[in-house]
Amino acid sequence: MPPRPSLLDQDEPPPFEVAGRDGRSPFVVICDHAARRLPRSLGDLGLTEAALGTHIAWDIGAGGVARRLATVLGAFVVLQRYSRLVIDCNRPLEAADSITTRSERTPIPGNENLAPEVAKSRAQEIFHPYHDQIRDELDRRKASGSPGILVAVHSFTPVFLDVARPWHVGILFNRDARLAEPLLGLLRDEGDLVVGRNQPYAVSDLSDFSVVHHGERRGIPHVEIEIRQDLIADPEGQHAWAERLARLLPAAARSIHSD
C-alpha cells in the first residue's frame, strides 16, 4: 500500500507557534483557535473567502490577546495555527463536531463524508502535535517543581443564531473553579463589564478538551477566558484586554494560595 499523503506540505508552517520560556512566570497561555489558515491540500473546504474570515474559522482577536498577555506576564504561550474547520483543537476527538460539517448556519462542504483515515491524518498532523507541545511544557514544569497555571484564551460572537449576547467576557470552568471564581470576582469589580459565569458557553468533558485535559485532569489551576470578539477585533482592543487580564490574573492566582 502506498504511503498516505501528508496533510501539510513540507513548506507549510507547523501546527503551533510558541514563545517565552524564561521561567519568570507560572502562567502557560494557550489559544486553540488563534488562526484561520487552511492546509494547501484542503483548498478552501468549499467556502468563500468572506466565510473564512468569520468566527466559524477562528476566534477573532484571541491570538493577539494571548500573545500580548504572555508578553506582559513573561509567560510561555502556545498558539494553534490552523483553522478550527480543519480539526477543532478544543474538542475531544470523539466529539461529533471535532471536524464539523456545519457551523451555525454555514455548511462546510469539504468536511462532509470524510473517510476515517482522512480524519485520522488531521488529528495526527494538527491536533496531537499542538497538545503534545502543551503537555511537554507542563510536564517540564512539573518535573522542576513548578507545575504552572493554565490560561486558555478564546473569543465569541456578539450574536449567535440571532440572539444577542450581553457579556463582555465569560469565565469558564468545569469542576475546578480555584482560579475562575476569584478572576470572575475581580472582573466584576472592574465596574464596566458584564461578566458571564460559564456564559456564553460552559465547559464539559464532552464539549471541551484543553482545560479539561491539561488543567483539570492534571490538577493545576486553570481557566478558560472568552472575550466578545468585537472588543478585540483590532490591536488596540487586544492590547487593552491583555493588559487588563495581566493585571488581574496574578491577583486571582495569589488568592488561591492565600485561602
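Report on the accompanying structure.

Parameters at a glance
- Residues numbered from 1 in each chain as written.
- Predicted model: local features only at pLDDT ≥ 70, side-chain atom pairs only at ≥ 80, totals over all residues.
- Heavy atoms only, no water.
- Helix = DSSP H or I, 4+ residues; strand = E, 2+ residues; numbered from the N terminus.
- Buried < 20%, exposed > 50% of the residue type's maximum accessible area, 1.4 Å probe, protein only.
- Polar contact = N/O pair within 3.5 Å; in protein donor to acceptor, adjacent residues only side chain to side chain.
- Contact = heavy atoms within 4.5 Å.
- Arc of directions from axis to C-beta.
- Phe/Tyr/Trp six-rings, centres within 6.5 Å; stacked < 30°, edge-to-face > 60°.
- Disulfide = S-S within 2.5 Å.
- Pairing = 2+ DSSP bridges.
- Salt bridge = Lys/Arg side-chain N within 4 Å of Asp/Glu carboxyl O.

**Observations concerning unusual backbone geometry**
Phase 1 of the analysis: Of the consecutive residues Gln 199 and Pro 200, the connecting peptide bond is found in the cis state with omega at 5°.
Phase 2 of the analysis: Secondary-structure assignment places Pro 200 in the loop between strand S10 (195-197) and helix H5 (210-216).
Phase 3 of the analysis: Positive phi, close to 55°, is recorded for Glu 104, a residue that is not glycine.
Phase 4 of the analysis: Note that Glu 104 resides in the loop between strand S4 (102-103) and strand S5 (106-107).

**Considering the side chain of Arg 84**
Phase 1 of the analysis: With respect to the helices, strands and loops of the structure, Arg 84 is situated in the loop between strand S3 (76-80) and S4.
Phase 2 of the analysis: Of the residues examined, Arg 84 reaches a relative accessible area of 13% and is grouped as buried.
Phase 3 of the analysis: A polar contact is formed between the side chain of Arg 84 and the backbone oxygen of His 55, at a distance of 2.9 Å.
Phase 4 of the analysis: Setting aside residues up to four positions removed in sequence, Arg 84 forms contacts with His 33, His 55, Ile 56, Ala 57, Trp 58 and Asp 59.

**Some details on helix H4 (residues 180-189)**
Phase 1 of the analysis: Where H4 is concerned, the buried positions are Ala 180, Leu 183, Leu 184 and Leu 187. Taken around the axis of H4, the buried residues stretch over an arc of 105°, which confines them to a single face.
Phase 2 of the analysis: Downstream of H4 by one or two residues, Gly 191 has phi in the positive range, about 90°.

**Regarding the environment of Val 203**
Phase 1 of the analysis: The topology assignment puts Val 203 in the loop between S10 and H5.
Phase 2 of the analysis: Excluding anything up to four places from it in sequence, Val 203 contacts Leu 172, Phe 173, Asn 174, Asn 198, Asp 208, Val 211, Val 212 and Glu 224.

**Brief notes about the packing of aromatic side chains**
Phase 1 of the analysis: Under the counting rule described, the total for this entry stands at 1 aromatic pair.
Phase 2 of the analysis: Between Phe 127 and Phe 209 the ring centres are 5.0 Å apart and the planes differ by 65°, which places this aromatic pair in the edge-to-face class. Pair noted here: Phe 127 is in helix H3 (residues 116-143) and Phe 209 is in the loop between S10 and H5, with a separation of 82 residues, a long-range link. For the pair formed by Phe 127 and Phe 209, the shared burial category is buried.

**Describing the state of the cysteines**
Phase 1 of the analysis: Following the criterion strictly, the structure yields 0 disulfides and no others.
Phase 2 of the analysis: Its sulfur unpaired, Cys 31 is 11 Å from the next cysteine sulfur, which belongs to Cys 89.
Phase 3 of the analysis: You can call Cys 31 buried: its relative accessible area is 0%.

**Some details on the pairing of strand S6 (residues 149-156)**
Phase 1 of the analysis: For S6, a buried count of 8 out of 8 residues is recorded, marking the element as mostly surrounded by other parts of the structure.
Phase 2 of the analysis: Taken together, the 4 bridges between strand S2 (residues 27-31) and S6 define a ladder with parallel strand orientation. Of the residues in S6, the one forming a bridge with Phe 27 is Ile 149.

**A short note on the pattern of salt bridges**
Phase 1 of the analysis: Evaluation of the coordinates by the stated rule reveals 20 salt bridges.
Phase 2 of the analysis: A salt bridge links Glu 137 to Arg 141; the shortest N-O distance between them is 2.8 Å. In this pair, Glu 137 and Arg 141 both sit in helix H3, 4 residues apart, roughly one turn of the helix. The two residues Glu 137 and Arg 141 agree in class, both being buried.
Phase 3 of the analysis: As a salt-bridge pair, Asp 205 and Arg 175 come within 2.5 Å of each other at their nearest N and O atoms. With Asp 205 in the loop between S10 and H5 and Arg 175 in the loop between strand S9 (169-172) and H4, this pair connects stretches of sequence that are 30 residues apart.
Phase 4 of the analysis: Residues joined in a network through salt bridges with shared partners are Glu 190, Asp 192, Arg 244 and Arg 247.

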